[in-house]
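# Summary of the model geometry
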Amino acid sequence: MGRRILNEALSTIVNAERRGFATTRLQPISNVISSFLNIMKHRGYIKDFQVHDPHRVGKITVELHGRVNNCRVLTYRQDLKAQDIENYRLQALPTRQWGYVVISTPNGVLDHEEAIQQNVGGQLIVSHTKQKHSISFLHQLPDLHCIRMRRKTLFIMIIMIWTWCVFSNFHVGEGIGVSWGRQTSQKLLPSAVVDMLLANEMDKVKFFSLNHAVLSAFAGSNISITVTIPNVEVGIIDSRPKARRWVQENITEYAHNNNVNITHILIGSEPYTKINDRKEFVKDDLGDDYYKTIIEPALGFVEEALKLLGRPEIKAAVSFYTDILEPNIKKPSEGDFRDDIKDEVLKILEHINRTGAPFNVNIYPLNIIREKNLPLEFAFFEEDKKFTIEDGDNTYTNVFDATYDTLVWAKRKYGYDNVPIVVGQIGWPTDGDIYANISTATRFYQGFFKKIDGDVGTPLQRGPLDLYIYELVDENSKGTEIRGPSERHYGIYNYDGKPKFTVEFKGAGGQRKQLESAQGVSYMPQRWCIFDSKKNIDPAKAEELMKWTCNKSDCSSLAYGSSCHGLDMKSNLSYAFNMFFQNRNQDVLSADACNFDKYGIVVNYDPSPNEKCKFPLQILSTIFVGGQGEMGTVLARDAGGSLDRRWLEGGEVEWCGRH
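## Notes on the overall build of the protein
In terms of helices and strands, the protein carries 16 helices and 22 strands. Residues classed as buried in the protein amount to 56% of the 659 residues present. Put simply, of all contacts in the protein between residues at least 6 apart along the chain, 70% involve residues at least 24 apart. As displayed, the protein offers around 28,900 Å² of accessible surface, 48% of which is attributable to carbon and sulfur atoms.

If you want it as structure tokens, here you go:
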């Protein structure tokens, strides 16, 4: 119990710091938490704290200083003698000026300087360093019972929980997270993604829907997780009992019992957007006012459920797209919300203002410059621009700053200037559009990371920003009706976990780094399905096969301006055949995997026509929703043939699971 309470207290402090809150509340509490906070206050890591009702469950209000950045937990055993405090300090702390070792002694909880001065030993609680610009560490013990001992002869075996934390003399940025969508036939193992995020020091991730097996893979990682209730499922949460059941089954079960760090829940995904008359595709004849009637009530029901179930630190919000703004705005100071949804947006702003949740808005620079007919150059972050937007004393050189500050002005007009903005999705596609390629994506992200790493903010919002990259990997099964073929190519990684381009960014530890690849990814055998060049085909039949195949697989790379645009008819058919074949996991025993009215043939050489247009190979990826959660080695039959779709070791193989 003491361990869990202590870890939850630390997570609450870290999450509050990242969102720029001035205070946070810890509940339940323990004596060790209070003693630990005394040391943090004495050494300047927090401003102050107050304990309320300590004889019951109690709570602590902590006034924050902006100096705590991150925490992670490991365990091991160690012997510690009282006379070895100084030696331990020398080993644990880089220099005499960095950090403190905190010890529970018969004289109370002391840091190492106080313990040496009083000549007393005890149980190691924490040691933490304080470094000017970011990296440091902290070691932590669970709440253990007191042991009486002589001051100079203490020798005790202790079980330690090592908690790594980062402290800084300056407020460190809210940081960069990443969205991970799983609408793809090429799923990386969740454990590989967790390792990849940790290797890249990305400590926030956003899911577009819930998958319990995926959530379980994040247990103990301390990666902050935002989960989304898809639009089509929001209507289910239409009452308090239903919301409480949903939260209990999908959130508290994992946040509490499985040590999964869920911090936010998004009610819907851009439900109010008008992009390309989206209502035709997603509202299913429910009417134009459908989302107006369900989003805000569901938000309230979920928030109430979180409080009732003891998870008030998890915040509920709504995901918006920038088209909630009036479309004919010429400069940020004219910012306002669309008349047809203004009432709904203001209700949601009022709600999240009360609860401390953020205003979550997705910004897609390429889409915005198309919608507003702006120059392509305005999408990038270089300062030297021919096209700028002048707005009073502010000059805008890129569409991101202009859009972000338009949102600031819009919420400011209605008294919600203090509601923080989270950019829930921002990125640049690498295929599926004439402006979507590796070159433009590299240019965008180089400027983006330089801007974010510098914590310069925008003209109206100076300092660090809270953002999520859109997105981790491509989603080759995502719909293209709304934003076109490029919607499937926003990943900063290829489907196999290899970076698409080389960029440098600043990790959570403050060091410059490049994207790290996923480890342990295995490919299926070297087999491709292509059009049999020995056969002739008339254009009408080719068009029929292309239409059928592309409706069941991903042909977005054949679109105008894309990486495989301009191939001849037979090469187009080969690309489409292979995508279908790989999506079916190279199932050579299936009658239709590479048949196509006998126009298809399996080959064992790479038929890619050039370096730009690649014919992919499927990766091995099986997630087990029973048993231990997942299995890294996928069983195959017939010497690497099609995957065995059976129940294996008590776990169900997920083939077409939700992303």
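## Some thoughts on the confidence of the model for the protein
Interpretation of this model should avoid reading the predicted coordinates in detail wherever pLDDT is low. For the protein, per-residue confidence averages 79 on the pLDDT scale, and residues scoring 70 or more make up 76% of the total. Strand β8 (residues 155-167) is the least confidently modelled element of the protein, averaging 37 in pLDDT, while helix α13 (residues 399-413) averages 98, the highest of any element. Here residues 72-77 scores under 50 on pLDDT; set against residues more than four positions off or in separate chains, the count is 23 contacts. Predicted confidence for residues 94-98 stays below pLDDT 50, and this span has nine contacts to residues more than four positions away or in other chains.

## Describing the packing of aromatic side chains
Inspection of the entire model under this criterion finds 33 aromatic pairs. An angle of 25° between the planes, with centres 6.2 Å apart, marks the rings of Phe337 and Tyr414 as stacked. Within this pair, whereas Phe337 is found in the loop between β13 (315-321) and α11 (342-355), its partner Tyr414 is found in the loop between α13 and β17 (421-426), the two being separated by 77 residues in sequence. Between the aromatic rings of Phe378 and Phe387, the centroid separation amounts to 5.0 Å while the plane-to-plane angle is 90°, which identifies the pairing as edge-to-face.

## Focus: the pairing of strand β18 (residues 466-469)
Taking every second residue as pointing to the same face, both faces of β18 are buried, with Asp466 and Tyr468 on one and Leu467 and Ile469 on the other. Note on the crossover from β17 through helix α14 (residues 438-453) to β18: the handedness is right-handed.

## Observations concerning the nonpolar core
Residues Phe218, Ile265, Ile267, Phe359, Tyr445 and Phe448 are the most contacted members of the largest nonpolar core, which totals 137 residues. The element that contributes the greatest number of residues to this core is helix α10 (residues 290-308), accounting for ten residues. By size, the runner-up hydrophobic cluster in this structure holds 17 residues, among which are Leu37, Met40, Phe49 and Leu64.

## Observations regarding the sheet that holds strand β2 (residues 46-52)
Read across the open sheet, the three strands follow the order β1-β3-β2; overall the sheet is antiparallel. Of all strands in the sheet, those bounded by a partner on one side alone are β1 (23-26) and β2. This sheet shows a mean twist of 20° between the axes of neighbouring strands, independent of strand direction. In this sheet, strand β3 (residues 59-64) lies alongside β1 in antiparallel orientation, the contact comprising four bridges. Bridge pairing links Thr23 to Glu63 in β3. Where helix α2 (residues 31-42) meets the sheet, its contacts fall on β1, β2 and β3, and the angle it forms with β2 comes to roughly 155°.

## Examining the side chain of Ser562
Along the polypeptide, Ser562 turns up in the loop between α15 (539-551) and α16 (569-583). One polar contact links the side chain of Ser562 to the main-chain carbonyl oxygen of Ser556, over a distance of 3.3 Å. Discounting chain neighbours no more than four positions away, the residues touching Ser562 are Asp431, Gly432, Asp433, Ser556, Ser557 and Lys612.

## Regarding the environment of Pro609
Take Pro609: it is sitting in the segment after β22 (600-603). Since its relative accessible area comes to 41%, Pro609 is described here as partly exposed. In this structure the C-alpha to C-alpha distance between Pro609 and Ser571, which are 38 residues apart in sequence, comes to 8.2 Å. Beyond its immediate chain neighbours, meaning those up to four positions away, Pro609 contacts Leu567 and Phe615.

Reading guide: rules and limits
Residues numbered from 1 in each chain as written. Predicted model: local features only at pLDDT ≥ 70, side-chain atom pairs only at ≥ 80, totals over all residues. Heavy atoms only, no water. Helix = DSSP H or I, 4+ residues; strand = E, 2+ residues; numbered from the N terminus. Buried < 20%, exposed > 50% of the residue type's maximum accessible area, 1.4 Å probe, protein only. Contact = heavy atoms within 4.5 Å. Areas by Shrake-Rupley, 256 points an atom, 1.4 Å probe, with all protein chains shown as cover. pLDDT = per-residue confidence, 0-100. Phe/Tyr/Trp six-rings, centres within 6.5 Å; stacked < 30°, edge-to-face > 60°. Right-handed = clockwise from strand over helix to strand, strands pointing away. Core = buried A, V, L, I, M, F, W, Y, C linked by side-chain atoms within 4.5 Å. Pairing = 2+ DSSP bridges. Axes fitted to C-alpha atoms, helices over the stretch in contact; angles between N-to-C directions. Polar contact = N/O pair within 3.5 Å; in protein donor to acceptor, adjacent residues only side chain to side chain.

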